[in-house]
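# Coordinate inspection notes
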Amino acid sequence: MSGDRLCGSKRPDHRCTDGGHIPCVLRAGHDGLHQDTLGLRWIDRDSALVEALAITFAGEQLRQLLDGGEQQP
Ligand SMILES: [Zn+2]
């Protein structure tokens, strides 16, 4: 297995948990969420996925504004 490198990204929200800083164990350059050995997943703030979600949410808010901000049943 050559070039088998891990992502190694660490969760940004490292509060005072005793779990320490467990890096992502997925392959380097993987898509989607990171995942550590405990199965915990997190998202990279500057990943393309976050950008896409931000655009989606912004679009949703924009639509509400254009609709007058009122939600009708
Ligand atoms: Zn990762």
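Residues numbered from 1 in each chain as written. Predicted model: local features only at pLDDT ≥ 70, side-chain atom pairs only at ≥ 80, totals over all residues. Heavy atoms only, no water.

### Quick notes on the pattern of salt bridges
- Overall, the coordinates contain 1 salt bridge when judged by the stated rule.
- In this structure, the salt-bridge partner of Arg 63 is Glu 60, at a minimum N-O distance of 3.0 Å. Taken as a pair, Arg 63 and Glu 60 lie in helix H1 (residues 48-66) at a separation of 3 residues, close to a single helical turn.
- Among the residues examined, Arg 63 registers a relative accessible area of 48% and is labelled partly exposed.
- On the basis of relative accessibility, which here comes to 38%, the residue Glu 60 falls in the partly exposed class. (Salt bridge = Lys/Arg side-chain N within 4 Å of Asp/Glu carboxyl O. Helix = DSSP H or I, 4+ residues; strand = E, 2+ residues; numbered from the N terminus. Buried < 20%, exposed > 50% of the residue type's maximum accessible area, 1.4 Å probe, protein only.)

### Here's the deal with the coordination of the zinc ion
- Within the protein, the atoms that donate to the zinc ion are Cys 7 (SG), Cys 24 (SG), His 30 (NE2) and His 34 (ND1), at distances of 1.8 to 2.4 Å.
- Here the donor residues of the zinc ion are spaced in sequence according to C-x16-C-x5-H-x3-H. In this pair, Cys 7 sits in the segment before strand S1 (34-35) while Cys 24 sits in the segment before S1, placing the two residues 17 residues apart along the sequence.
- Looking at Cys 24, the relative accessible area reads 1%, which means it is buried. (Donors = N, O, S within 2.8 Å, 3.2 Å for Na, K, Ca; no water.)

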